[in-house]
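Analysis of the macromolecular model
Single-letter residue listing:
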Amino acid sequence: MENKRQLVLDVINGKKTERVPLGFWHHFILGKDQFMGLEDPSLLEKAYKGHVDYYKKTNPDIMKIMNEGFFGYPPIMDNDLKTAEDLKKIKSIGENHPWIQEQVKYIKKLAAEFSDEVLTFYNVFSPLQTIRIRLDFLDQEYDRFVYLAENFPEEFKNAGLEISKDIQILVKKLLTETSLDGIYYCVQNIQSKMYDKNKYEEIVKVSELPVLEVANKYSDLNILHMCGYARYTNDLSFYKNYEARIYNWATFTEKISIGEGKKLFPEKCILGGFDNNPGTLIDKGSKEELEAYTKSLIEKYKDTSFIIGADCSIPNDIDDNQVRIISDATYKFMDGEKNE
C-alpha cells in the first residue's frame, strides 16, 4: 500500500518521486454558519461529516481542515468594527476561552480521521484577516476593512497584536495536542495604496509573523497561503522572509506562474496549478480536459518540489468527482507508466 505521508514528505524535501501528489479543499458550511460553531454544535458535526465524506470521495494526498464554525473570533463578533473605539475593544481572550478550548477538542477528533494516512493541515487566518473575514463573509461590507486600516492605523495595529496573542496560543495547542502536521496560514496584502511594504511591515507584519514563528517552532511542515481572488491581489515579495515549507498563491489571479513563484521562494515546495474559480476547468472541465491538464502539470513540474492544488478553496458546490478524476490522473501518469 502506498505511503502517502512519505510521498508528500519526499516531495517537500525535494526528492524525486514516482507520483506527483495533490490536495484540494472546499467549504462545507457557508455564510453565517461559518461563525456560529460554538453556538450551534450541529454545524460542527455537519462540517465534520463533510470533511470525512470528501476525503473518501476524492482520495487526496494531503488533507486541509477548514476552520469554519470558528470564523467568529469572539472580540470581533459583538463589535460594530466601525471606529477607533471599536478596535480598542478587541482584547485577548486567553487560553481558557471556549473558542480556543473547543476548537482544539474538535480538531483533535477530526484530524485523527486522516492523520494516519496523509499529512493534515489546519486553516488559520492571520490576526487582522480575522477582521476582514467577519466584514467580508458575514457583513458583506467589502470596503470597511480598508477604511479601518487607513483611518485608524495605530488602533488597527494594536487590535492585530491582541488577536495575535490568542492565535499563537491556539496554534501552539493545535500542534502539540492534536495529530495535525502543520497549519495552512492565510495572509493577504491590505488592499490599499497606503499600505506599501514599509507600512505593511510596521502595522501588519508585527502581529502576523509571530504566529508563523510559533507554528514553525512546533512543526516544520507549515503552508503559507498568500490569498488572492477576485478583487484581492498581493505583492508576493512582501512574504519573501515568511518562512514555511510549502507556498501557495493565486497563480491565475496574480498572473504569477508556478515557475515564476519558485524564483521568489527558491528550494521550497509549491502547491497549486489549478484556477479555483467557479466555471473554470476544475469546476466544469470534462474528464479528458482534466486529465490532459493534470498531465501537463506533472510533465512540467514533476522534477521539482510540487503538489498539485488550486489557487484557493475550490467551488463549494463542485462535483467531488472532478477532484477524483485529477487524483486518479496522478496515478495514470506516474513515472514508468505509459501516458496514453
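Let me sum up the structure you'll find in this document. (Residues numbered from 1 in each chain as written. Predicted model: local features only at pLDDT ≥ 70, side-chain atom pairs only at ≥ 80, totals over all residues. Heavy atoms only, no water.)

A closer look at helix α4 (residues 98–111)
Under the 1.5 Å per step criterion, the end-to-end length of α4 is 19 Å for 14 residues, consistent within 8% with the ideal 20 Å. Turning to α4, its buried residues are Trp 99, Ile 100, Gln 103, Val 104, Tyr 106, Ile 107, Leu 110 and Ala 111. On its buried face, α4 sits against α2 (41–58), β1 (62–65), β2 (119–125) and α7 (153–177). (Helix = DSSP H or I, 4+ residues; strand = E, 2+ residues; numbered from the N terminus. Expected span 1.5 Å × (residues − 1). Buried < 20%, exposed > 50% of the residue type's maximum accessible area, 1.4 Å probe, protein only. Contact = heavy atoms within 4.5 Å.)

Thoughts on the sheet that holds strand β7 (residues 306–310)
Strand order in the open sheet formed by 7 strands is β1-β2-β3-β4-β5-β6-β7, and the pairing between neighbours is parallel. Each edge of the sheet is formed by a strand with only one pairing partner; in this case those strands are β1 and β7. On average, each strand axis in the sheet is tilted by 25 degrees relative to the strand beside it, whichever way the strands run. Here β2 runs beside strand β3 (residues 182–187); their pairing, made up of 5 bridges, is parallel. The residue of β3 that forms the bridge with Tyr 122 is Ile 183. (Pairing = 2+ DSSP bridges. Axes fitted to C-alpha atoms, helices over the stretch in contact; angles between N-to-C directions.)

As for the nonpolar core
Among the nonpolar cores identified, the biggest contains 108 residues, and Phe 24, Ile 131, Phe 156 and Ile 308 are the most heavily contacted of them. Contact partners of Phe 24, with chain neighbours within four places excluded, come to Tyr 54, Phe 274, Ile 282, Ile 308, Gly 309, Ala 310, Ile 314, Val 323 and Ile 326. (Core = buried A, V, L, I, M, F, W, Y, C linked by side-chain atoms within 4.5 Å.)

Notes on the pattern of salt bridges
Any two side chains of opposite charge can pair if their charged atoms end up close together. Summed over the entire model, instances satisfying the criterion amount to 23 salt bridges. For the salt bridge of Arg 134 with Asp 139, the shortest nitrogen-to-oxygen distance reads 2.9 Å. According to the relative accessible area criterion, Arg 134 is buried, its value standing at 6%. Here Asp 139 falls in the partly exposed class, since its relative accessible area comes to 24%. Residues joined by salt bridges that share partners form a network here, namely Lys 16, Lys 302, Asp 303 and Asp 335. (Salt bridge = Lys/Arg side-chain N within 4 Å of Asp/Glu carboxyl O.)

Let's talk about α2
Between its first and last C-alpha atoms α2 spans 26 Å; for 18 residues at 1.5 Å apiece the expected length is 26 Å, and the two agree. For α2, the full list of buried residues reads Leu 43, Leu 44, Ala 47, Tyr 48, Gly 50, His 51, Val 52, Tyr 54, Tyr 55 and Thr 58. At its buried positions, α2 is contacted by β1, α4 and α13 (320–332).

A word on the packing of aromatic side chains
Scanning the entire structure with this criterion turns up 22 aromatic pairs. Seen from their ring centres, Phe 238 and Tyr 239 are 6.4 Å apart, and the 55 degrees between their planes marks the pair as tilted. Comparing Phe 238 with Tyr 239, the two get one shared label, buried. With 6.2 Å between their ring centres and 45 degrees between their planes, Trp 249 and Phe 265 make a pair best called tilted. With a gap of 16 residues between them, Trp 249 in strand β5 (residues 246–249) and Phe 265 in the loop between α10 (258–264) and β6 (269–274) connect regions that are remote in the sequence. For Trp 249, a relative accessible area of 0% gives the class buried. Classification of Phe 265 as buried rests on a relative accessible area of 3%. Taken together, Phe 35, Phe 71, Phe 125 and Phe 137 form an aromatic cluster joined through their ring pairs. Cation over ring: Arg 19 sits above Tyr 331, and NZ or CZ is 4.0 Å from the ring centre. (Phe/Tyr/Trp six-rings, centres within 6.5 Å; stacked < 30°, edge-to-face > 60°. Lys NZ or Arg CZ within 6 Å of the ring centre and 35° of its normal.)

Observations concerning the pairing of strand β4 (residues 223–226)
Taking every second residue as pointing to the same face, both faces of β4 are buried, with Ile 223 and His 225 on one and Leu 224 and Met 226 on the other. Inspection of the sheet shows β3 paired to β4 by 4 bridges, in the parallel sense. Looking at β4, one finds that Val 187 is bridged to Met 226. In this fold, β3 hands off to helix α8 (residues 197–218), which returns the chain to β4; that crossover is right-handed. Note: β4 against β5, 4 bridges, orientation parallel. Among the inter-strand pairings, Leu 224 is bridged to a residue of β5, identified as Tyr 247. (Right-handed = clockwise from strand over helix to strand, strands pointing away.)

What to know about the side chain of Ser 192
Mapped onto the secondary structure, Ser 192 falls in the loop between β3 and α8. Engagement of the side chain of Ser 192 in a polar contact is seen with the side chain of Glu 150, the distance being 2.5 Å. A distance of 3.1 Å separates the side chain of Ser 192 from the backbone nitrogen of Met 194, its partner in a polar contact. (Polar contact = N/O pair within 3.5 Å; in protein donor to acceptor, adjacent residues only side chain to side chain.)

What about the pairing of β7?
Burial within β7 is extensive, with 5 of its 5 residues counted as buried. Along β7, one buried face is formed by Phe 306, Ile 308 and Ala 310 and the opposite face, lined by Ile 307 and Gly 309, is buried too. Relative to β7, β6 runs parallel, the two being bridged by 5 bridges. Bridge pairing in β7 links Phe 274 to Ala 310.

Regarding the environment of Leu 175
Tracing the backbone shows Leu 175 in helix α7. Put simply, Leu 175 and Lys 108 are 67 residues apart on the chain and 9.8 Å apart in space, counted from C-alpha to C-alpha.

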